[in-house]
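Summary of structural features
Next come the chains, spelled out residue by residue.
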Amino acid sequence: MSQAVCILGATGSIGQSTLKILQQHPEAYSVFAVTAQSRITELAEICQQYRPKVAVVPANKVDELSQLLQVQGLSDIEILQDEAGLISVAEHPGVDIVMAAIVGAAGLLSTLAAVKAGKRVLLANKEALVMSGDIMMQAARDYGALLLPVDSEHNAIFQCLPQNYFDAERNGQPKLGVHQILLTASGGPFLNYSLEQLHDVTPAQACKHPNWSMGQKISVDSATLMNKGLELIEACHLFAVQEQFVTVVVHPQSIIHSMVQYVDGSTLAQMGNPDMGTPIAHALAWPQRISTHIPALDLFKHSQLNFQEPDVVRFPALKLARQAMKSGGIAPTILNAANEIAVAAFLNQQIRFTQIPQVVETVLNQMDNQPAHDLDTILHADHTARGLSQQYVVNKGS
Ligand code: NAD
Ligand code: MG
C-alpha cells in the first residue's frame, strides 16, 4: 500500500528534492499535504503535479492560492493556514511520513507535532532539534516516532552505525564498539579566505556553495561554519553522545558525507555524489532501499579526497556551538535564535559577514543559562535572544 507523505516546506530546496524522489516512486508514495510560506505560484504548480489533499500557507496568502487552484480546477484541495494548519497536517491521521523541511525555528512546533503523533519523521529542519534537543528526542521515544536524519552527514552516520545502536542505553557515551563520530564539513565557499577577506564578502558570494545547491540561510551557515556547529549539536542529540565524541573534519570535496570510528581501528564512511536526493531516499525507504536519479559515484573522477582541521579563529561559530552544547540548557536555543537573526541581517546587508558570530557570542553572554525543562522555557529563550540580537544589529550594524 502506498504511504502518504506530508511535506513541510515543499517549495524549498529540500522540499523540491523530496518531490523529485517521490515522483520516481508513484506506486509507493502519495503526497497528502504540502506547505509554503511564500512562492505561492510554485506551490500551486506543485499542487497541479502532485494533487495533495491539503495545502498550508500563511493567512494572507490564502486568497492567492485559492484563486490559482480554482483556475487549475483544483478547488477540492483544502487550504489551511498558519501554524495551526502546519500542526494539523503534521499530526493528521491520514499521514504516514512527515518531511520536516521548514527552515529555522519556524519549523519547531510542526516538527514536534509530527513526532508526538508518532509519525516517521524525516528530519531536515536541524534548527528544531538544536532548539528542543532532549524534549524532541524524549517525545520520539514516548510517542513511538521514528526520527530519521536527512541532513547528509547525520544520514551518513546513521548508515555507518551498528543497526542495534538505538536500542542501547543513552548515557552520553558511544557504545557497541563505537569510538567517535567524524562529522565532515566542506568548509564552505570561504575555506581559504583570510580574516581580512572575510570582512568584505557579500551575501551573493556566501550563498554560492561550491558543492551543494541549498536555501539561503543554510548556505550562509555553511560559509560561517555555523551549519557544522548546528550539526554538531544535532549529532549529539540524534546519536546520544557528548560533544567530545564528535570531531569535525574539513573535507572540501563533499564525497564522504561523514564517518564512524570503532574501537578496533575501523573507520566506516558513507560516500556519494553531493545530492540530497540520496539521504532523502534513504530516510523515506529505510530499512529498504529505493532507486534514485542520482548517478553512482565515479571514483575515477574523484582521484583526490582531502582532509584538514577546521580553523576556529577564522570560523568562530563552530567553537561557539560546541561551547553551547557543552553548557547545555537553553544555550543551544540562544545560539540558534541569535544566528537566525544575524544571518537575516547579513542577507539584508545590515551587518558584515564577520559580525554574524559576534552577534551570537554577544547574546550568549548577555543571557543567563538555565535548564531547558519544557517547551515554554525554550520558546521564551528563543524570543528573548531574538530581541537582543535585533538590538545588536540596530546598534552595531554597518
Ligand atoms: P529553503 O529556504 O530552500 O526552504 C524553506 C522552506 O520552508 C520553504 O518551503 C519555505 O516556504 C518554508 N518556510 C520558510 N519560512 C517559513 C515560516 N516562517 N513558516 C513556514 N514555512 C516557512 O531551505 P532548505 O535549504 O530547503 O532547508 C530546509 C531545512 O533543511 C533547513 O533547516 C536546512 O538547514 C535543512 N537542510 C537543508 C539542506 C539543503 O541541501 N538544502 C541540507 C541539509 C539540511
Ligand atoms: Mg548537512
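Keep in mind it's a predicted model, so treat the numbers as computed, not measured.

1. Quick word on the UniProt feature "binding site: 1-deoxy-D-xylulose 5-phosphate" (unreviewed entry) in the protein chain
As recorded in UniProt, the sites labelled "binding site: 1-deoxy-D-xylulose 5-phosphate" (unreviewed entry) are Lys-126, Ser-152, Glu-153, Ser-186, His-209, Ser-222, Asn-227, Lys-228 and Glu-231. You can see Ser-152 is positioned in helix H7 (residues 152–160). The exposure class of Ser-152 is buried, given its relative accessible area of 7%. Those residues in contact with Ser-152 that sit more than four places away from it in its chain are Trp-212, His-257, Met-276 and Pro-279.

2. Here's the deal with the side chain of Asp-151
Relative to the helices and strands, Asp-151 resides in the loop between strand E7 (146–149) and H7. According to the relative accessible area criterion, Asp-151 is buried, its value standing at 7%. What Asp-151 contacts, discounting residues up to four positions off in sequence, is Leu-123, Lys-126, Glu-231, Glu-234 and Met-276.

3. A short note on the pairing of strand E1 (residues 3–8)
Walk down a regular strand and you will see the side chains alternate between the two sheet faces. The buried count for E1 comes to 5 of 6 residues, which makes it a mostly enclosed element. Inspection of the sheet shows E1 paired to strand E2 (residues 29–35) by 5 bridges, in the parallel sense. Paired with Cys-6 across the two strands is Ala-33, which belongs to E2. Handedness of the crossover is the feature at issue here: the chain leaves E1, passes through helix H1 (residues 13–23), returns alongside E2, and the resulting connection is right-handed. Looking at chain direction, E1 and strand E5 (residues 97–100) are connected through 4 bridges and run parallel. The residue of E5 that forms the bridge with Leu-8 is Ala-100.

4. Details of the pattern of salt bridges
For the coordinates displayed, the defined rule picks out 13 salt bridges. Notably, a salt bridge pairs Glu-127 with Lys-217, separated by 2.9 Å at the nearest N-O pair. A residue pair is termed long-range when its members are at least 10 positions apart, and Glu-127 in helix H6 (residues 126–143) and Lys-217 in helix H10 (residues 216–224) qualify at 90 residues. A relative accessible area of 5% means that Glu-127 is categorised as buried. Arg-386 is the salt-bridge partner of Glu-340, the closest N and O atoms lying 3.1 Å from each other. Of this pair, Glu-340 sits in helix H14 (residues 331–347) while Arg-386 sits in helix H16 (residues 375–396), and the two are 46 residues apart along the sequence. Connected via shared salt-bridge partners are Lys-126, Asp-151, Glu-153, Lys-228 and Glu-231.

5. Here's the deal with the site of ligand 1
The environment of ligand 1 is made up of 22 residues, and the closest members are Thr-11, Ile-14, Gln-37, Glu-127 and Gly-215. Gln-37 has a polar backbone atom sitting 2.9 Å from an oxygen atom of ligand 1. Contacts to ligand 1 include Glu-127, whose side-chain N or O atom sits 2.6 Å from an oxygen atom. Of all the elements in the fold, those that place two or more residues in the shell around ligand 1 are H1 and H6. By residue class, the composition of the shell around ligand 1 is 11 nonpolar, 8 polar and 3 charged.

6. Considering the environment of Ile-294
Structurally, the position occupied by Ile-294 is in the loop between helix H12 (277–285) and helix H13 (317–327). The class for Ile-294 is buried, based on a relative accessible area of 13%. Separated by 277 residues in the primary sequence, Ile-294 and Ser-17 place their C-alpha atoms 11 Å from one another. Excluding its chain neighbours within four sequence positions, the residues that come into contact with Ile-294 are Asn-273, Asp-275, Gly-277 and Thr-278.

7. Section: the sheet that holds strand E11 (residues 267–271)
With mixed pairing, the 4 strands of this open sheet are ordered in space as E9-E8-E10-E11. Lying at the two open borders of the sheet, with one neighbouring strand each, are strand E9 (246–250) and E11. The sheet shows a mean angle of 25 degrees between the axes of neighbouring strands, taken without regard to direction. Bridge analysis of strand E8 (residues 178–185) against strand E10 (residues 256–262) gives 4 bridges, and the strand direction is antiparallel. Paired with Ile-181 across the strands is Val-260, a residue of E10. Contacting E8 and E9, helix H11 (residues 226–238) runs over the sheet at an angle of about 155 degrees to E8.

8. Looking at the sheet that holds strand E4 (residues 78–81)
If you walk across this open sheet you meet the 7 strands as E4-E3-E2-E1-E5-E6-E7, and the pairing is parallel. The open sheet has two edge strands with one neighbour each: E4 and E7. Strand-to-strand, the axes of this sheet are offset by a mean angle of 25 degrees, without reference to chain direction. Contacts from H1 reach E1, E2 and E5, with the element oriented near 160 degrees to E1.

9. A word on the pairing of E9
The buried count for E9 comes to 4 of 5 residues, which makes it a mostly enclosed element. Relative to E9, E8 is paired through 5 bridges, and the arrangement is parallel. Across the sheet, Leu-183 pairs through a bridge with Val-248, a residue of E9.

Rules used throughout
Residues numbered from 1 in each chain as written. Chains lettered and ligands numbered in written order. Predicted model: local features only at pLDDT ≥ 70, side-chain atom pairs only at ≥ 80, totals over all residues. Heavy atoms only, no water. UniProt positions renumbered as here; feature names shortened; annotations may be inferred. Helix = DSSP H or I, 4+ residues; strand = E, 2+ residues; numbered from the N terminus. Buried < 20%, exposed > 50% of the residue type's maximum accessible area, 1.4 Å probe, protein only. Contact = heavy atoms within 4.5 Å. Pairing = 2+ DSSP bridges. Right-handed = clockwise from strand over helix to strand, strands pointing away. Salt bridge = Lys/Arg side-chain N within 4 Å of Asp/Glu carboxyl O. Near = heavy atom within 4 Å. Polar contact = N/O pair within 3.5 Å; in protein donor to acceptor, adjacent residues only side chain to side chain. Nonpolar A, V, L, I, M, F, W, Y, C, P; charged D, E, K, R; others polar. Axes fitted to C-alpha atoms, helices over the stretch in contact; angles between N-to-C directions.

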